[in-house]
Amino acid sequence: MPWIILSFNAEFRSARLSFANILYDYMKSLYTHLECSQCSQHFDKYQIHSYCPQCTQPLVARYDLQSHPGRNAIQNRPPNLWRYAELLPVLSPEFQITLGEGATPLLRLKNTAKHTGIHQLWLKDEGNNPTGSFKARGIGMAVSKATELGIREFCIPTAGNAGSALAAYCAAVGAQANIYMPEVTPEVFRLDCEIMGANVVKVKGSIRDAGLKMNADNTDGKWWDITTLKEPFRLEGKKTMGYEIAEQMEWELPDVIIYPTGGGTGLIGIWKAFQEMLEMGWVSKIPAKMVAVQTAGCNPIIRAFKAGQDVSEVYENPAETIANGLRVPKAFGDKLILKTIYDSGGTALDITEEEMLNAINDFGRQEGIFLSPEGGAVYAAFKKLLESGFIEPYHRVVLINTGSAYKYAENLI
Ligand SMILES: *Cc1c(COP(=O)(O)O)cnc(C)c1O
């Protein structure tokens, strides 16, 4: 029976705790070292590293992929992201912290497919994660790994969801979270962060300004900064989306994946998972074109892509948007985002606020699913790409709904 069906089964979900401990014994991490994404220098896995001090570029985790037991080994494991434990950086099972993240549904969108004339269309619905977004994957991994390395205090600039996730996982391990968010962030994010015991600071401006304020409060570096891609392990959590998509599609990867891009960890992570799976022989080819979507009022990646550049420029005065997660004027991992788009033969496009709202409304009626604004941007982009011919009716396409709509209610009223 495919595991995704099991993942809907509440009894199975609670039962997993009892036999998880037995299973984890056979799931030793194959993590070997960190590598600079620019200069390829290696960094020791037992020490604490953020990014490459020479290149100021992200570090990526590498594994002894040759030693993996094979894709069938994971088949009967519990439905959370630790089912891929060999390919994750946490070495000791006691630090595999879980609040039930991952194992989200990949829903076949029959109505929308029919409506738009495409044969095979899916939605990976990440709104089902703890704290309501896929940030739980990345932050859960970063907090688990940092806890293993002995770190007890964290900080993050956030558009909302990353803060909620950090507050949750810090509460789970008894660590301290310092969260900096733009004033315009919906109040529910501050509320849930505070309920989970985090220290929240609201900052005038964008997430970039929140990051600057955070750095000013952390000059002595006492807090571990888990800004997107400034530490290496959020990427490892996010890459599990790529493993799940492959597993749920029975190891035949899709032709197009459309992703709402802020800091870019999900886009880069899914692509990283695909490369690892190819190297291990879990998939035989990677047809997937990776598509980055941003908003028209803050589109640094789209601008760089259109100009054929390998790095983006800071987007000055980013417009406010209902898609808070996409208001990132300069992603630390912009080179990796652009490389992923180019290497995969993908593209990048932006969406207006009106297109986003219309997309959320149309999709809700068609599918009975309330998309987050970021998910709405993805659906709007899908329709545009179908119109332009980038997507053809025979393509197998996966849309990513990165978060739950319900936390954004005040933006949508
Ligand atoms: C953070 C976030 C994004 C952007 O994700 P990145 O991995 O930073 O590109 C998109 N959608 C939602 C709902 C988010 O919370």
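This structure is a prediction, so every number in the text was calculated from the model and none was measured.

## Re unusual backbone geometry
Residue Thr-131 is not a glycine yet carries a positive backbone phi of 60°. When you line up the elements, Thr-131 lands in the loop between β5 (120–125) and α4 (135–148). Among the residues examined, Thr-131 registers a relative accessible area of 19% and is labelled buried. Positive phi values are uncommon outside glycine, yet Glu-250 reaches one of about 55°. Its location among the elements puts Glu-250 in the loop between α9 (240–248) and β10 (256–260).

## Regarding the site of the ligand
For the ligand, the set of nearby residues contains 17 residues, the closest of which are Lys-135, Tyr-259, Gly-262, Gly-264 and Thr-402. Residue Gly-262 places a main-chain N or O atom 2.8 Å away from an oxygen atom belonging to the ligand. Protein coverage of the free-state accessible area of the ligand, which is 390 Å², stands at 96%. In a pocket analysis with a 2 Å cut-off to the grid points, the ligand is assigned to the largest pocket. Mapped by element, the contributors of at least two residues to the shell around the ligand are β10 and α10 (265–280). Tallied by class, residues from the shell around the ligand come to four nonpolar, ten polar and three charged.

## With respect to the sheet that holds strand β9 (residues 224–225)
Here we have four strands laid out as an open sheet, ordered β8-β7-β6-β9, and parallel in their pairing. Two strands lie at the open edges of the sheet, namely β8 (199–203) and β9, each paired on one side alone. For strand β6 (residues 153–157) and strand β7 (residues 176–182), the ladder comprises five bridges, and the chain directions are parallel. Considered in β7, the bridge of Phe-154 is made with Ala-177. Here helix α6 (residues 187–195) sits on the sheet and contacts β7 and β8; the angle it forms with β8, its principal contact strand, is near 155°.

## Concerning the layout of surface pockets
Taken as a whole, the largest pocket encloses approximately 740 Å³ of empty space. Lining the largest pocket we find 44 residues, and of these Ile-207, Thr-227, Thr-228, Val-328 and Lys-330 sit closest to its centre. Where the lining of the largest pocket is concerned, the elements lending two or more residues are β6, α5 (161–173), α7 (207–217), α8 (233–238) and β10. Within the lining of the largest pocket, the residues separate by chemical class into 17 nonpolar, 18 polar and nine charged. Taken domain by domain, the makeup of the lining of the largest pocket includes at least three residues from each of domain 2 (106–131 + 234–412) and domain 3 (135–225).

## Section: the domain arrangement of the chain
Accessible area lost upon the coming together of the parts serves often as the stated size of an interface. Considered domain by domain, the chain is made up of domain 1 (10–95), domain 2 (106–131 + 234–412) and domain 3 (135–225). Taken together, the contact between domain 1 and domain 3 spans 15 residues of the former and nine residues of the latter. The interface formed by domain 1 and domain 3 includes zero salt bridges. Run the count over domain 1 and domain 3 and you get four residue pairs in polar contact (both at pLDDT 80 or more). Partitioning the side of domain 1 that touches domain 3 into residue classes produces ten nonpolar, four polar and one charged.

## A few points about α9
Counting buried residues in α9 gives nine out of nine residues, a clear majority hidden from the surface. Taken together, the buried positions of α9 are occupied by Thr-240, Met-241, Gly-242, Tyr-243, Glu-244, Ile-245, Ala-246, Glu-247 and Gln-248.

## Description of the sheet that holds strand β4 (residues 106–108)
In spatial order, the strands read β4-β5-β13-β10-β11-β12; together these six strands make up an open sheet with mixed pairing. Each of the sheet's edge strands pairs with one partner strand only, and the pair in question is β4 and β12 (347–351). On average, adjacent strands in this sheet sit at an angle of 25° to one another, irrespective of strand direction. Where β5 lies against strand β13 (residues 396–401), six bridges are found, and the strand directions are parallel. Note on β13: the bridge partner recorded for Trp-122 is Val-398. α10 contacts β10, β11 (289–295) and β13 of the sheet and is inclined by roughly 150° relative to β10.

## With respect to the packing of aromatic side chains
If you walk through the whole model with that rule in mind, you get 13 aromatic pairs. Note on Tyr-31 and Tyr-63: the rings are 5.8 Å apart at their centroids and 50° apart in plane angle, and the pair reads as tilted. Taken as a pair, Tyr-31 in strand β1 (residues 31–36) and Tyr-63 in strand β3 (residues 59–63) lie far apart in primary sequence, 32 residues in all. Side by side, Tyr-31 and Tyr-63 carry an identical accessibility label, which is buried. Here the aromatic residues Tyr-84, Tyr-243, Trp-251 and Trp-282 are joined through ring pairs into a cluster of three or more. It is Arg-108 that lies over the ring of Trp-122; its NZ or CZ is 5.1 Å from the centre. The ring of Phe-134 carries the charged tip of Lys-238 above its face, separated from the ring centre by 3.8 Å.

## A look at the nonpolar core
If you look at the biggest cluster of nonpolar residues, it comprises 62 residues, and the most contacted ones within it are Ile-257 and Met-277. For this core, the leading source of residues is α10, giving eight residues. Per-domain counts for this core show at least three residues from each of domain 1 (10–95) and domain 2 (106–131 + 234–412). When sequence neighbours within four positions are dropped, the list of residues in contact with Met-277 reads Gly-242, Tyr-243, Ala-246, Trp-251, Trp-282 and Val-283. Val-256, Ile-322, Met-356 and Phe-363 belong to the second-largest nonpolar core, a separate cluster that totals 31 residues.

What counts and how
Residue positions within a chain follow its written sequence, with the count starting from 1. The model is predicted, so local features are restricted to residues of pLDDT at least 70 and side-chain atom pairs to those at 80 or more, both for listing and for counting; the totals for chains, interfaces and linings are taken over all residues. The side-chain values count all of the structure's non-hydrogen atoms but skip hydrogen atoms and water molecules. Helix numbering and strand numbering both begin at the N terminus, where a helix is a DSSP run of H or I of at least 4 residues and a strand a DSSP run of E of at least 2. The cut-offs for exposure are 20% and 50% of the maximum accessible area for each residue type, with area from a 1.4 Å probe on protein chains only; residues under the lower value are buried, those over the upper are exposed, and the others partly exposed. Residues are labelled near a given molecule or strand when at least one of their non-hydrogen atoms is within 4 Å of it. For the purposes of these results, a polar contact is taken to be a pair of N or O atoms within 3.5 Å, where, inside protein, one atom must be able to donate a hydrogen and its partner to accept one; residues adjacent in sequence count only when each atom of the pair is a side-chain atom. Surface accessibility follows the Shrake-Rupley procedure with a 1.4 Å probe radius. Residue values consider only the protein chains on display as shielding. The method works on a 1 Å grid over the protein atoms by themselves. A cavity is a set of points holding a 1.4 Å probe that cannot get out, a pocket is an open set with protein on both sides within 12 Å along at least five of seven lines, and residues with an atom within 4 Å of a point line them. In this scheme, a molecule is assigned to a cavity or pocket if more than half of its atoms are within 2 Å of the grid points. Each residue is assigned to one of three groups, with Ala, Val, Leu, Ile, Met, Phe, Trp, Tyr, Cys and Pro labelled nonpolar, Asp, Glu, Lys and Arg labelled charged, and all others, Gly among them, labelled polar. For two strands to be treated as a pair, DSSP must find at least two bridges joining them. It only takes one pair of heavy atoms within 4.5 Å for two residues to be counted as in contact. As a rule, the C-alpha atoms of each element are fitted with a line to give its axis, helices using only the stretch in contact, and angles between N-to-C directions run from 0 to 180 degrees. Grid points are joined across faces, edges and corners, and a volume is the space filled by probe spheres set on the points. Segmentation of the chain into domains, including their bounds, is taken from an automatic or database domain assignment. Whenever a carboxyl oxygen of Asp or Glu lies within 4 Å of a side-chain nitrogen of Lys or Arg, that contact is scored as a salt bridge. Within 6.5 Å between ring centres, the rings of Phe, Tyr and Trp (the latter by its six-membered ring) count as paired, and their orientation is classed by plane angle as stacked under 30 degrees, edge-to-face over 60, tilted in between. Working rule: Lys NZ or Arg CZ, within 6 Å of ring centre, within 35 degrees of ring normal, means a charge sits over the ring. Residues belong to a common nonpolar core when they are buried Ala, Val, Leu, Ile, Met, Phe, Trp, Tyr or Cys residues joined through side-chain atoms within 4.5 Å.

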